[in-house]
Amino acid sequence: MLKRLNVKLQTKIIILISLLIFFVITIFTVLFIYYEIVDERKEIESLALQTSKSISLLPVVKNPETNNDESIGEIQAMIHQIKGKVKPDYILIEYKNGTTYLSPDHDLHHDLYDEDNYKAIVFGSEYTIEAETPNGKIIWAKSPIKTDEYQQIIGVVSVGFFKKTIHNFIIPTLKEVFLIGVSVLTIGSYAGYLLSKSIRKQILGLEPDEIASLYTIRETILKSLNEGIISIDQKGMITLINKSAKEMLGISKECINKPIQEILPDFKMVKILNSNINTKDEEINLNNKIFIVSYTPIMENGKKVGVVASFRDKTDIQKMAETITEIKNYSEELRAQTHEFTNKLYVISGLLQLKQYDQVIDLIQEETNQLNFHNEIIFNQINDPRVQAILLGKLGKASEKKVKFTIDENSSLSKLPNFIQTADIVTIIGNLIDNAIEAVEQEKGVVTFFATDIGNDIIIEVSDNGKGFSDEEEIPKVFYKGVSSKNGKYRGYGLFNVKSVVDYLNGDIEIQQNKGNGTIFSVYIPKEQSINNGVVK
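These notes cover the structure that comes with them. (Residues numbered from 1 in each chain as written. Predicted model: local features only at pLDDT ≥ 70, side-chain atom pairs only at ≥ 80, totals over all residues. Heavy atoms only, no water.)

Describing the overall build of the protein
Assigned secondary structure in the protein consists of 14 helices and 17 strands. Here the protein holds 537 residues, and 39% of them are scored as buried. Here the analysis covers contacts within the protein between residues at least 6 apart in sequence; of these, 56% occur between residues at least 24 apart. Roughly 32,100 Å² of accessible area belongs to the protein as shown, and the carbon and sulfur atoms make up 55% of that amount. (Helix = DSSP H or I, 4+ residues; strand = E, 2+ residues; numbered from the N terminus. Buried < 20%, exposed > 50% of the residue type's maximum accessible area, 1.4 Å probe, protein only. Contact = heavy atoms within 4.5 Å. Areas by Shrake-Rupley, 256 points an atom, 1.4 Å probe, with all protein chains shown as cover.)

This is the structure we're talking about:
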């Protein structure tokens, strides 16, 4: 009902707490009244029985034959005194000889041999009994009057309290209980107000439906993000991990409330949590992928209560950037090839004007033979369009650099497996050929390309007849990031990228000193890749 009325959370809490306190107070009051009435009745019954017994033992009451005006006055004075202290509604003394004393002297019709006196007259019992009178229900305490000599029962003493008298006794107590209940209800309602105010402050003044809406929006955003998101609490336990994070990190098991060091030991979230560092970005290599991770602490009242890590796959970004770079290079190489052919056309035009027809024929024949040789290998022996495009572009670049670029006639290559992406093959072949061209550019040397997929591996070799390496100990270092034998800015990344891609494809790369001079780079890539106990071809 409260939901349908669109009542605020604070009001709901106050109402519910007040109702709960009221319900508890009501039950407590009812039980208290019940037990108070029961206890008060027991006390009244005990008092009445004790009073009736005390009266029945008085000598003046036990010897009625000595009753005279003096003794009658004494009995009446005694009854008046007892009535003033005990305050019963009735004191009744009845004898078998018909004598009766009643206080107060009201019109009370009662006979000694009525049913309520039966046990006292016959058995001499002392007891209490509830009876009906014209003025309401009354509780009688009965005690027999016995003679001293033979313990004969000569009468009955009755002390009575109306039930409404018992109720009157507990009315002051009920008033106190009511005041206490009202006070508790007031204090409880105020405490509910303070509690609701504190809760509202903790939930930033939001209503439950707003919190539910924000939670749904948060879950949707986390699922739609391509970046991985992980958060931990003060104890280093994972409190959140989105779908992208699980997919990128290859996590399939449940990891909420698990230590971050147990699931991802390479992440430095605990270090950020326990240090004064507020933000930090770093690169992490996981599962043959490079991730850029950003750490941001969760602050609450100036204290760190957790850390959020967001990360993205740098490998894809890097591959895309490399592909764009290579495409740009191909564009430049095609422009250079166009420029080279334009120069040759100018030469042919000049020779024609000079009527040197034989030289024109020789030049055209030379270019045609060279082009046919390369085209025959590229289009007939190498059947992967991506490799064909790379080699055509590099032929133009080498021609512009005045470097002889040849494709080994023994090359034979089928279409590459699907797991080798365009960016992968561009990085490997493109960088190796560029590196070789630069190595022989000054000497106008020769660069040779060879590729084959006979057997279980794809083999790619690029050789040159340049100077090679003067110190063989330097060979392993060429794959280090930023290491280069050439001068210039932004050097030392080509072979590093080649090595990274080859490692990602579970391959190997070797460097050999060519006989005489130069270097041979050999790359071996398995045709089949094992992923999650399966085989990808």
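With respect to the packing of helix α12 (residues 385-400) against helix α13 (residues 422-440)
Where α12 contacts α13, the two axes come as close as 10 Å, and the packing angle between them is 25°. Viewed along their axes, α12 and α13 adopt a mutual orientation that is roughly parallel. Considering the relative orientation of α12 and α13, their crossing is right-handed. From α12, Arg386, Val387, Ile390, Leu391, Lys394, Lys397 and Ala398 reach across to α13, where they touch Thr422, Ile425, Val426, Ile429, Gly430, Ile433, Asp434 and Ile437. Grouping the constituent residues of the contact of α12 with α13 by class yields 9 nonpolar, 2 polar and 4 charged. (Axes fitted to C-alpha atoms, helices over the stretch in contact; angles between N-to-C directions. Parallel < 35°, antiparallel > 145°, perpendicular 65-115°, else oblique. Left-handed = near helix turned anticlockwise from the far one by under 90°. Nonpolar A, V, L, I, M, F, W, Y, C, P; charged D, E, K, R; others polar.)

Let's talk about the sheet that holds strand β5 (residues 153-162)
The strand order across the open sheet formed by 5 strands is β2-β1-β5-β4-β3, and the pairing between neighbours is antiparallel. Two strands bound the open sheet, and with one partner strand each, they are β2 (100-103) and β3 (127-133). Each strand axis lies, on average, 20° off the axis of its neighbour in the sheet, ignoring direction. Here helix α1 (residues 9-56) sits on the sheet and contacts β1 (90-95), β3, β4 (136-146) and β5; the angle it forms with β4, its principal contact strand, is near 35°. On the sheet, helix α5 (residues 163-202) packs against β3, β4 and β5 and is oriented at approximately 45° with respect to β5. (Pairing = 2+ DSSP bridges.)

Thoughts on helix α14 (residues 494-504)
Along α14, the residues that are buried comprise Leu495, Phe496, Asn497, Val498, Val501 and Val502. At the exit of α14 stands Asn506, carrying a positive phi of roughly 60°.

Digging into the sheet that holds strand β12 (residues 446-452)
Spatially, β11-β12-β13-β15-β14 is the arrangement adopted by the 5 strands of the open sheet, whose pairing is mixed. Either end of the sheet is taken by a strand with one partner, and the two such strands are β11 (404-407) and β14 (508-513). Averaged over all pairs of adjacent strands, the angle between their axes in this sheet comes to 15°, without regard to strand direction. As paired elements, β14 and strand β15 (residues 519-526) share 6 bridges and run antiparallel to each other.

Details of a nonpolar patch on the surface
Among the surface-exposed residues, Leu20, Phe23, Val24, Ile27, Leu31, Tyr34 and Tyr35 lie close enough to one another that they form a single nonpolar patch of about 740 Å² accessible area. According to the relative accessible area criterion, Ile27 is partly exposed, its value standing at 38%. (Patch = residues over 30% accessible without salt bridge, like charges linked within 9 Å, V, L, I, M, F, W, Y side chains within 5 Å. Salt bridge = Lys/Arg side-chain N within 4 Å of Asp/Glu carboxyl O.)

So, the pairing of β2
Burial along β2 is one-sided: Tyr101 and Ser103 are buried, and none of Thr100 and Leu102, which face the opposite way, are. Across 4 bridges, β1 lies against β2 in antiparallel orientation. Bridging from a neighbouring strand, Glu94 pairs with Thr100 of β2. Connecting β1 to the next strand, β2, in antiparallel fashion are 4 residues, including Gly98 with a positive phi near 100°.

Read these as spatial facts, not as claims about activity.
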